[in-house]
Amino acid sequence: MIALISENVRTSDDKDFMLALYNEYQRLMYHTARKYCGDVYDCEEVVQEVVLKLINKISLLRTLEEKALAGYVSVAVRNTAITWLRKKSREHKFFVNWPEEANDLPDTELGIEETLILKEKTASMLEIWDLLSEEDRFLLEGRYILQYSDNELAEMIGCKASSLRMKLSRVRRKALKLMIERDGGDDDK
Amino acid sequence: MSRKQELFEQYIDAFFAVEMDQIALEEGRSAINLTQQLKKDPNAEVPKAVQKRCEKTIQKAFLTQRRKKTGHILWRALRVASIVVLLLAATMTLSFAAFPELRMTVINMILETYDTHTEFSFEEKNDVSPELEITLGWIPYGFVVSEDDSTPDCAWKCLENVEGATIFVEKTTPNSISIDTEDAQIEEIEIQGYEATLITKPGEARVIWLNEDENIIYFIDSEDVPVDTMLQVAKNVS
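Throughout what follows, the structure given in this document is the object of discussion. (Residues numbered from 1 in each chain as written. Chains lettered and ligands numbered in written order. Predicted model: local features only at pLDDT ≥ 70, side-chain atom pairs only at ≥ 80, totals over all residues. Heavy atoms only, no water.)

Digging into the environment of E24(A)
Then, number 1: Topologically, E24(A) is positioned in helix α1 (residues 9-36).
Then, number 2: Here the alpha-carbon distance between E24(A) and A70(A), two residues 46 residues apart in the chain, equals 9.5 Å.
Then, number 3: Discounting residues that sit within four places of it in the chain, E24(A) has contacts with T35(B), Q36(B) and K39(B).
Then, number 4: In terms of polar contacts, E24(A) uses its side chain to reach the side chain of K39(B), at 2.8 Å. (Helix = DSSP H or I, 4+ residues; strand = E, 2+ residues; numbered from the N terminus. Contact = heavy atoms within 4.5 Å. Polar contact = N/O pair within 3.5 Å; in protein donor to acceptor, adjacent residues only side chain to side chain.)

This is how it looks when you write it as structure tokens:
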């Protein structure tokens, strides 16, 4: 005897959740996409892409409270728009600085000494967020807010997963240095 | 990487996760405020075409997920089935040889009702492979075939319209199918001269029947489609 089971209760729930999420934030999604894409066609495609990405992360989304959920949607649209434009045109202003081998900072993660400083006191990420470049923010948001895997993020920026880890490491180091410097600067005042 | 380095890396990662959570919440505050403003702004309305397309994308994505799940379960079931077939073959061979009339299709339907679903089990003892190609004799206005696929023991087609309403038509060899019957209305009807079971809930309608002549189960699962429309599809499918 063959057992074919058509499970639809769980998927129906997820579908309803997704439809409600879309209805709530559709204007935000479209508005944000328009900020990045002048072309209406691009805008529509970005929103479609975001919807699919949100569906793939539905189990995570269901755990988020309202603000975090709204933040996730907003960041997801921005991230997807940037990725879309990048794919469309490698010369786009957001993407000129995705060097495969950036050499402005060493490849290593923070040293133990710096990590100990970190234990003491630093400025918050919020305070230095605007000092980071668009590319840096893209990577940090992709990893920590959207919770993309190395492979997903690497595919978005068009590099290997190993290079992605290197880039992330550099960005974290850069951000931490800024946080430490900013806090030191505040102390001096 | 040494153990110490590994721990420090985990520490940094956790530190960033906490810091980025603040960024996400700040982003969320702005996003909620902006959403409220956009809801009041008539110029911020999303074009109908984009809205429809997104809703359709959501409907389709979940339908595809459901199909994948079904396919996966079917595959697991097929492996079980192959063992059962072997056992049946071993025990029935002598009977078939001695009594040719036993070659006639013998199919029993067993219903097992649970709190949330009903399991329709079809037991068959037959050495004829059924024809599984689906022919839709009637397609409701506005619907198109959005999916058409099959496995060796199951074929399905999915019809959709722009509003995201779906009619899923499945033709499969006798097996067992679990159908959500919680708080559903169930009635016995007749489709193409065969006894069929119609299961309806608000916004959902399903019908299942066994075509004993073809030795095939037909299962139609619809969402946001009038029951009569779904039954019209059922009456004309082959």
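Don't stop here, the text continues.
Re the packing of helix α4 (residues 66-88) of chain A against helix α1 (residues 3-40) of chain B
Then, number 1: Put simply, α4(A) and α1(B) touch, their axes get as near as 7 Å, and they point 85° apart. Judged by the inter-axis angle, α4(A) sits roughly perpendicular to α1(B). Of the residues in α1(B), those touching α4(A) at E66(A), K67(A), A68(A), A70(A), G71(A), S74(A), V75(A) and R78(A) are A24(B), L25(B), E27(B), G28(B), R29(B), A31(B) and I32(B).
Then, number 2: Here the residues of the contact of α4(A) with α1(B) sort into 7 nonpolar, 3 polar and 5 charged. (Axes fitted to C-alpha atoms, helices over the stretch in contact; angles between N-to-C directions. Parallel < 35°, antiparallel > 145°, perpendicular 65-115°, else oblique. Nonpolar A, V, L, I, M, F, W, Y, C, P; charged D, E, K, R; others polar.)

With respect to the pattern of salt bridges
Pairs can form between side chains of opposite charge whenever their charged atoms are close.
Then, number 1: Taken as a whole, this structure holds 18 salt bridges over all chains when the rule is applied.
Then, number 2: The closest approach of N and O atoms between R78(A) and E27(B), which form a salt bridge, is 3.0 Å. Placement of R78(A) in helix α4 and of E27(B) in helix α1 is noted, with the two residues assigned to different chains.
Then, number 3: A salt bridge links E204(B) to R206(B); its shortest N-O distance comes to 2.9 Å. Taken as a pair, E204(B) and R206(B) share a single burial class, namely buried. (Salt bridge = Lys/Arg side-chain N within 4 Å of Asp/Glu carboxyl O. Buried < 20%, exposed > 50% of the residue type's maximum accessible area, 1.4 Å probe, protein only.)

Thoughts on the side chain of K157(B)
Then, number 1: Within the fold, K157(B) resides in strand β4 (residues 154-160).
Then, number 2: In contact with K157(B), other than residues within four places in its own chain, are I134(B), L136(B), E147(B), D148(B), I167(B), F168(B) and V169(B).

What to know about the sheet that holds strand β7 (residues 185-191) of chain B
Residue and element names in this part refer to chain B.
Then, number 1: The antiparallel open sheet is built from 7 strands, whose spatial order is β3-β4-β5-β10-β9-β8-β7. Each of the sheet's edge strands pairs with one partner strand only, and the pair in question is β3 (144-151) and β7. Across the sheet, the mean angle from the axis of one strand to that of its neighbour is 15°, orientation sign disregarded.
Then, number 2: Sheet topology note: the β3/β4 ladder contains 7 bridges and is antiparallel. (Pairing = 2+ DSSP bridges.)

Some details on helix α3 (residues 227-235) of chain B
Then, number 1: Buried residues of α3(B): T229(B), M230(B), L231(B), V233(B) and A234(B), and no others.
Then, number 2: Packing partners of the buried residues in α3(B) comprise β5 (166-172), β7, β8 (194-201), β9 (204-211) and β10 (216-223) of chain B.

Considering the environment of L139(A)
Then, number 1: By secondary structure assignment, the location of L139(A) is in helix α7 (residues 134-145).
Then, number 2: Accessibility expressed as a relative area gives 2% for L139(A), which makes it buried.

Re the packing of aromatic side chains
Then, number 1: Summed over the entire model, instances satisfying the criterion amount to 3 aromatic pairs over all chains.
Then, number 2: The interplanar angle of 25° and the centroid separation of 5.9 Å between the aromatic rings of Y144(A) and F16(B) together place this pair among those described as stacked. In this pair, Y144(A) is assigned in helix α7 and F16(B) in helix α1, connecting two distinct chains. Taken as a pair, Y144(A) and F16(B) share a single burial class, namely buried.
Then, number 3: Arranged with centres 4.9 Å apart and planes meeting at 5°, the rings of W209(B) and Y218(B) form a pair that is stacked. (Phe/Tyr/Trp six-rings, centres within 6.5 Å; stacked < 30°, edge-to-face > 60°.)

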